[in-house]
Number of protein chains: 2
Amino acid sequence: MSLSYVHGYDPVESGRLDDQARTLEDLLHHDTRYPAGSRVLEAGCGTGAQTAILARRSPDARITAVDIAAASLAAAKARLDALAIGDVHFEQADCARLPYADNHFEHVFVCFVLEHLAHPENVLLELQRVLAPGGSLTVIEGDHGSFYCYPQTRATRRVVRCLIDLQAAGGGDALIGRRLYPLLARARFDAVRVAPRVVYVDPSRPAWEEGFSRNTFIAMVSGVAPAAIDGGLIDPATWRQGIEDLEATIGQGTFHYTFFKATARNPL
Amino acid sequence: MSLSYVHGYDPVESGRLDDQARTLEDLLHHDTRYPAGSRVLEAGCGTGAQTAILARRSPDARITAVDIAAASLAAAKARLDALAIGDVHFEQADCARLPYADNHFEHVFVCFVLEHLAHPENVLLELQRVLAPGGSLTVIEGDHGSFYCYPQTRATRRVVRCLIDLQAAGGGDALIGRRLYPLLARARFDAVRVAPRVVYVDPSRPAWEEGFSRNTFIAMVSGVAPAAIDGGLIDPATWRQGIEDLEATIGQGTFHYTFFKATARNPL
């Protein structure tokens, strides 16, 4: 009996090739690049984490990054100055009332912003106004309800629930990823396409265990401990157990989270 | 201002290309093909739904399909006879006590089987025994806990929970997808790789709304109505509401489910 393994033919080899060292940046941004000279608006740039990625991937696009918070904007500007890449102009502005003429931009990019808004529909309409007919909109959001793990315990569910409830109490929606399609379709964008961007972590992917499970997701959950405990959403013992159980998945269990990336076109 | 859309460069176009008419068969099976002449075991073939796919995709592999249930096996044989494809031999056997010599097969394929077993570890050890050193194992399972939708209601959660609880009551695990990695790693398979295979459905994918949301998932849930209601897991009104709410996602909402495909190698 012969075992003939042909490269790209054998099931094991093909699984390995599918899964080469993809980082979260690759997962979310690998297919967003803007042509040289095109006018791109990043709406809600915060401290510039995504702006830096945009500028690196589209160094010759003319990027305008706006945020309502002066302090965030200063941090974003400092970050981009230090990197010395791209063609980025910063401006303080409210995404629901942008200081730009109709049809000013060829592309609009929004990442981790709509989840914080009580009325994302209003911002989408304003983005539509400043976007040229036929221009592209790209939206990336998470969905905390997509999270699960193994082993999963009552306490892991409770701590993640705190995150969702706190965001809802602040007027946001931590489950917005699953409703990007209806949001964009109802705002009458054309060619709405939404694709899940799935993070799957197990011990064969130690870079994801550290980079995503521990340093992104568990860190984010841990950050709301004071608000969750002081706000009476959870008792301290259950909180500690939940964080401990989440950490216990690393090295032996699995961790699952889905981002959503939407693209659409402004009607002609 | 010019809008220059380059094929494969523009975000909207690139999203569309990523998403060309993929069927569930493509999603789960596109990367499983076995070389001509190789000996493949399908453990737990049931009525032959996966056997037909295997035979079509690997028409020159020598496939042995086993199941413990004579009636299922007869249906599988009739299905493959009608299709007249592939080289498939059927045999009645218990996957935990297979009538084959050590190292007999070069490849083993298991799909939607481990979820029904109280002790999948035992079957994995038996599959390891009949698999040649260095041979490949492929396992595909779902995970009902990966399901969510928009809009999501208390009733949609309740009906899906019935499915999970009924499978647990029968000794199975409807959440097995998330633990394929630990299962195979603990069984001491080598090169264990698990990849999520994600079904994402929205109104831009009507074939998936009909083929998956309605005719696969909602149909599967609906099938356990008698067991769930007669067994006292749920009251009839909540059940009806849950099914109605699931159906209401079609045409306007979104639907999410993840399968898991694992590949591994028998130690040398």
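Along every chain, residues carry numbers that run from 1 in the direction the sequence is written. The naming scheme follows written order: chains are lettered A onward, ligands numbered 1 onward. In view of the model being predicted, local features appear only for residues whose pLDDT reaches at least 70, and side-chain atom pairs are presented and counted only at 80 or more, with totals across whole chains, interfaces and linings using the full set of residues. Side-chain metrics in this entry use all non-hydrogen atoms of the structure; hydrogen atoms and water are not considered.

Q: Where do I start with the pattern of salt bridges in this structure?
A: A pair is scored as a salt bridge if a Lys or Arg side-chain nitrogen falls within 4 Å of a carboxyl oxygen belonging to Asp or Glu. Tallied over the full model, the rule gives 26 salt bridges over all chains. Taking the shortest distance from any N to any O, the salt bridge between A:Arg129 and A:Glu126 comes out at 2.9 Å. Of the two residues, A:Arg129 and A:Glu126 are both situated in helix α5 (residues 120–130); the distance of 3 residues between them amounts to about one turn of the helix. Relative accessibility decides the category of a residue: with a 1.4 Å probe and only protein chains considered, values under 20% of the type maximum give buried, values over 50% give exposed, and everything between is partly exposed. By relative accessible area, A:Arg129 is classed as partly exposed at 26%. Residue B:Arg56 pairs with B:Glu25 through a salt bridge whose shortest N-O separation is 3.0 Å. One end of the pair, B:Arg56, is in helix α3 (residues 49–57); the other, B:Glu25, is in helix α2 (residues 24–29), with 31 residues separating them in the sequence. We classify B:Arg56 as partly exposed; its relative accessible area is 46%. A residue is classified by how much of its surface remains accessible, and B:Glu25, at 22% relative accessible area, is partly exposed. Because the salt bridges share partners, they merge into one network encompassing A:Glu25, A:Asp26, A:Arg56 and A:Arg57. The helix and strand labels rest on DSSP assignments: H or I over at least four residues marks a helix, E over at least two residues marks a strand, and numbering proceeds from the N terminus.

Q: Teacher, can you tell me more about the environment of B:Glu126 here?
A: Residues and elements named next belong to chain B. Taking the relative accessible area as the measure of exposure, Glu126 reaches 11% and is therefore buried. Expressed as a C-alpha distance, the spacing of Glu126 and Ala82, which sit 44 residues apart in the sequence, is 31 Å. In what follows, a contact means two residues having at least one pair of non-hydrogen atoms within 4.5 Å. Apart from residues lying up to four places away in sequence, Glu126 is in contact with Cys95, Ala96, Arg97 and Leu98.

Q: Before we go on, may I ask you to explain the packing of aromatic side chains in this structure?
A: Centre distance and the angle of the planes are the two values used to describe a pair of aromatic rings. Side-chain rings of Phe, Tyr and Trp (the six-membered ring for Trp) are treated as a pair once their centres are within 6.5 Å; stacked means planes under 30 degrees apart, edge-to-face means over 60, and tilted covers the remaining angles. Under the defined criterion, the tally for this structure stands at 24 aromatic pairs over all chains. Note on B:Phe212 and B:Tyr257: the rings are 5.9 Å apart at their centroids and 45° apart in plane angle, and the pair reads as tilted. In this pair, B:Phe212 sits in helix α8 (residues 206–223) while B:Tyr257 sits in strand β8 (residues 254–265), placing the two residues 45 residues apart along the sequence. Overall, B:Phe212 belongs to the buried group, its relative accessible area being 2%. Ring plane angle 80° and centroid distance 6.1 Å describe the contact between B:Phe212 and B:Phe259, whose orientation is recorded as edge-to-face. Separated by 47 residues along the polypeptide, B:Phe212 in helix α8 and B:Phe259 in strand β8 bring together distant segments of the chain. Grouped by ring-pair contacts, the aromatic residues A:Phe112, A:Phe147, A:Phe212, A:Phe217, A:Phe255, A:Tyr257 and A:Phe259 constitute a single cluster.

Q: I would appreciate a short explanation of unusual backbone geometry in the present structure.
A: Peptide bonds are, in most cases, trans, and in most cases residues other than glycine have a negative phi. Residue and element names in this part refer to chain A. Note the cis peptide between Tyr150 and Pro151, where omega equals -5°. Here Pro151 is to be found in the loop between β6 (148–150) and α6 (154–169). With phi around 50°, Ala84 is a residue other than glycine that occupies positive phi space. On the secondary structure map, Ala84 appears in the loop between α4 (70–83) and β3 (87–92).

Q: Help me understand the side chain of B:Ser213, please; the structure alone is not making it clear to me.
A: Residues and elements named next belong to chain B. Note that Ser213 resides in helix α8. The exposure class of Ser213 is buried, given its relative accessible area of 1%. Those residues in contact with Ser213 that lie beyond four places of it in its chain are Val201, Trp208, Ile218, Ile250 and Phe255.

Q: Is there a simple way to explain the confidence of the model for chain A in this structure?
A: For residues with low pLDDT, the predicted coordinates do not support detailed interpretation. All names here are of chain A. On average, chain A scores 92 in pLDDT, and the residues at 70 or more come to 92%. Note that pLDDT drops below 50 for residues 1–9; the model gives that stretch 24 contacts with residues more than four away or on any other chain. Each residue carries a pLDDT value, the predictor's own confidence for that position, ranging from 0 to 100. Every residue in residues 14–21 is under pLDDT 50, and counting partners more than four places away or in other chains gives 8 contacts. Both scores are given for the predicted complex: the pTM is 0.92, the ipTM 0.91.

Q: What is the right way to look at the packing of helix α6 (residues 154–169) of chain B against helix α10 (residues 236–248) of chain B in this model?
A: The packing of two helices is summarised by the inter-axis angle and the distance between the axes. Residue and element names in this part refer to chain B. Taken N-terminus to C-terminus, the directions of α6 and α10 make an angle of 105°; their axes are 8 Å apart at the nearest point. By the angle between their axes, α6 is roughly perpendicular relative to α10. Where α6 approaches α10, its residues Arg154, Ala155, Thr156, Arg158, Val159 and Cys162 are matched on the opposing element by Thr238, Trp239, Gln241, Gly242, Ile243, Asp245 and Leu246. Side-chain classes are defined by residue name, with Ala, Val, Leu, Ile, Met, Phe, Trp, Tyr, Cys and Pro counting as nonpolar, Asp, Glu, Lys and Arg as charged, and the others, Gly among them, as polar. A breakdown of the residues in the contact of α6 with α10 according to their chemical character gives 6 nonpolar, 4 polar and 3 charged. Here, axes are lines fitted to C-alpha atoms. For helices the fit covers the stretch in contact, and angles between N-to-C directions go from 0 to 180 degrees. Orientation categories follow fixed angle ranges, with anything under 35 degrees roughly parallel, anything over 145 roughly antiparallel, 65 to 115 roughly perpendicular, and all other angles oblique.

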